[in-house]
Amino acid sequence: MSNPQQLRYSKEHEWLTAPEAGVSTVGITSHAADALGDVVFVQLPEVGDTVTAGETCGELESTKSVSDLYAPVSGEITEINQDVVDDPSLVNSAPFEGGWLFKVKATDEPADLLSADEYTAFTGN
Amino acid sequence: MTDAPRRTALDALHRGLGATMTDFAGWDMPLRYASEREEHVAVRTRAGLFDLSHMGEITVTGAQAGGLLDHALVGNLGALAVGRARYTMICEESGGILDDLIVYRLGESEYMVVANASNALVVLDALTERAAGFDAEVRDDRDAYALLAVQGPASSAILKSVTDADLDALKYYAGLPGTVAGVSALIARTGYTGEDGFELFVAPADAEKLWQALTDAGRDAGLVPCGLSCRDTLRLEAGMPLYGHELSTSLTPFDAGLGRVVKFEKPGNEGRFVGREALEAAAARAEQAPPRKLVGLVAEGRRVPRAGFSVVSADGTVIGEVTSGAPSPTLGKPIAMAYVDAAYAEPGTAGVAVDIRGSREPYEVVALPFYKRER
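Throughout, a residue's number is its position along its own chain's written sequence, starting from 1. To read the labels, note that chains go from A and ligands from 1, taken in the order they are written. The model is predicted, so local features are restricted to residues of pLDDT at least 70 and side-chain atom pairs to those at 80 or more, both for listing and for counting; the totals for chains, interfaces and linings are taken over all residues.

Identification of chain B as Aminomethyltransferase from Streptomyces meridianus is taken from an unreviewed UniProt entry. UniProt positions are given in the numbering used here, feature names are shortened, and annotations may be inferred rather than shown by experiment. Checking UniProt for chain B, the heading Function (unreviewed entry) contains the comment "The glycine cleavage system catalyzes the degradation of glycine." The Sequence similarities (unreviewed entry) field of the UniProt record for chain B holds the comment "Belongs to the GcvT family."

As recorded in an unreviewed UniProt entry, chain A goes by the name Glycine cleavage system H protein, listed as coming from Streptomyces meridianus. In UniProt, chain A has this text filed under Subunit (unreviewed entry): "The glycine cleavage system is composed of four proteins: P, T, L and H."

What follows is the structure, encoded as structure tokens:
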């Protein structure tokens, strides 16, 4: 699955949308979902939590392993995707759409977020 | 060792199917082709096709082949009927498990020993060393075979459509030479999934032809290619041990709850075999005061225990260690195998938890296996 052009990406394999009214939607990339295998459990931050760019804010559990979820930007969590909590396989089946994880009102973002082309080059596929 | 991973005869085919590959015991093996959970479900409900060519085959021949195996292994292989197979182990003199094995008796004076990929060389060396003084030859056949497995309730019907071999007469843990899809094969009714199934030992040059024929024959029945990821969850649900997890040189078969594979009554060698004294002591210890027992754990929550995680009691005392853990597709919950102190090993023991990255998750102690097929 190719990486959508309109998104930006972190080196920890999260994507985020351009902010709408200051709020960005965050998920993990198709590349990351493929590497994890079938995701069976998603632990997300709670609405109202403050997250810090580059720090862990949750975890994704798959058949073979558990991986930390990193916040791609700093800010306050405004919404989480209850559908993906109830059905974690959405992360695999629709990583850029129905498998989104949370929304964050960003207060600060790191300088090293990648464009789609840069992220594609970064992951080497 | 810095050698590049070895590739099976089916390597190009796996890549063509888009498999995610993984390094396993020095081999580049398919981990999964698409969804490992769907592969798992296919084996439980229909059929799956596996490449297991990393497994290590060792042939033992000669007038005293059976005597050698009785001496070198813990089982009673001299008594094994031709055409039958046995699950057994090879132990150190100290009783520690070097590997678990399946031994096929192919003829009066010919056996095939199948070792785990990670231990194949260790087993080969041990058998060769232990063969001294026996009229028997130990042959390294690790590169002589590719191994394909068809596992699942539909596997018998699928295989029947491509062979004239009498599969109905082939019992569980039996093997016979035959022809499958025009390919000479040792057809064995064995597996590591908890389902009915077959393992087919063939020349590597024939592997691709056989894979294609089985894929075609299984299409209508819903057979899918399956990787090592689902093989692991299938064997875990079936309560089958995996070397390096439930079995190691620091455990005897009795410690692992598998004392039944040790046969002290062997007619050959006057009952002597490598590890006998230590294993007699281990048997007595397991009878009187087992230190830890292998149990099943079923989660009440959704977080998955992994090998090495601590099992803890209600007050946080460490009472055991997880050896294998995974989300169980069949149960829909995380499951694990763990060694726990005997006082906590009874099914239903209250207050048992697993420390999952600092948080104590409640687990129910259950008897193994987690899953047993209906026959």
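Right, picking up where we left off after that structure.
(A) Focus on the overall build of chain A. Scanning chain A from terminus to terminus reveals 4 helices and 9 strands. Along chain A, helices (α) and strands (β) appear in the sequence β-β-β-α-β-β-β-β-β-α-α-β-α when read from the amino end. A compact globule built from 125 residues would reach a C-alpha radius of gyration of about 14 Å, and chain A, at 13 Å, matches this within 12%. Along the first, second and third principal axes, the C-alpha set of chain A runs to 35 × 30 × 20 Å. Secondary structure elements are defined from DSSP: runs of H or I of at least 4 residues count as helices, runs of E of at least 2 residues count as strands, and each element is numbered from the N terminus. Note on method: radius of gyration uses C-alpha positions; expected globular size equals 2.2 Å times residues raised to 0.38.

(B) Fine view of the interface of chain A and chain B. Our contact criterion uses C-beta atoms placed from the backbone: two residues qualify when those atoms are within 7 Å. Contacts between chain A and chain B engage 8 residues on the former and 11 residues on the latter. Each residue gets one of three labels, nonpolar for Ala, Val, Leu, Ile, Met, Phe, Trp, Tyr, Cys and Pro, charged for Asp, Glu, Lys and Arg, and polar for the others, Gly among them. Residues of the side of chain A that touches chain B, tallied by class, amount to 3 nonpolar, 2 polar and 3 charged.

(C) Region of interest: the UniProt feature "domain: Lipoyl-binding" (unreviewed entry) in chain A. UniProt annotation of "domain: Lipoyl-binding" (unreviewed entry) refers to residues 23-105 of chain A when read in the numbering used here. Between the C-alpha atoms that bound residues 23-105 of chain A there is a distance of 4 Å. The span itself is 19% helix and 43% strand.

(D) Quick look at the packing of helix α3 (residues 65-72) of chain B against helix α4 (residues 120-130) of chain B. Residue and element names in this part refer to chain B. Helix axes use the C-alpha atoms of the stretch in contact, all axes being lines fitted to C-alpha atoms, and the angles between their N-to-C directions lie in the range 0 to 180 degrees. Their axes nearest at 10 Å, the elements α3 and α4 cross at an angle of 115°. Classed by the angle they form, the pair α3 and α4 counts as roughly perpendicular. As for the relative orientation of α3 and α4, their crossing is right-handed in sense. Contact with α3, carried on its side by Leu-68, His-71 and Ala-72, involves Ala-126, Leu-127 and Arg-130 of α4 and no other residues of that element. Classifying every residue of the contact of α3 with α4 gives 4 nonpolar, 1 polar and 1 charged. When an angle is under 35 degrees it counts as roughly parallel; over 145 it counts as roughly antiparallel; between 65 and 115 it counts as roughly perpendicular; any other value is oblique. By the definition used in this description, the sense in which the near helix is turned from the far one sets the handedness, with an anticlockwise turn below a right angle giving left-handed and a clockwise turn giving right-handed.

(E) Seen up close, the UniProt feature "domain: GCVT N-terminal" (unreviewed entry) in chain B. When the UniProt feature table is mapped onto this chain numbering, "domain: GCVT N-terminal" (unreviewed entry) sits at residues 13-266 of chain B. Across residues 13-266 of chain B, helical content stands at 24% and strand content at 30%; the span's end C-alpha atoms are separated by 45 Å.

(F) Structural view of the pairing of strand β9 (residues 102-108) of chain A. Residue and element names in this part refer to chain A. We treat two strands as partners when DSSP finds at least two bridges between them. Alignment of strand β3 (residues 23-28) against β9, held across 4 bridges, turns out to be antiparallel. Bridge pairing in β9 links Ser-24 to Val-104. Where strand β8 (residues 74-80) meets β9, 6 bridges bridge the pair, whose relative direction is antiparallel. Of the residues in β9, the one forming a bridge with Glu-76 is Lys-105.

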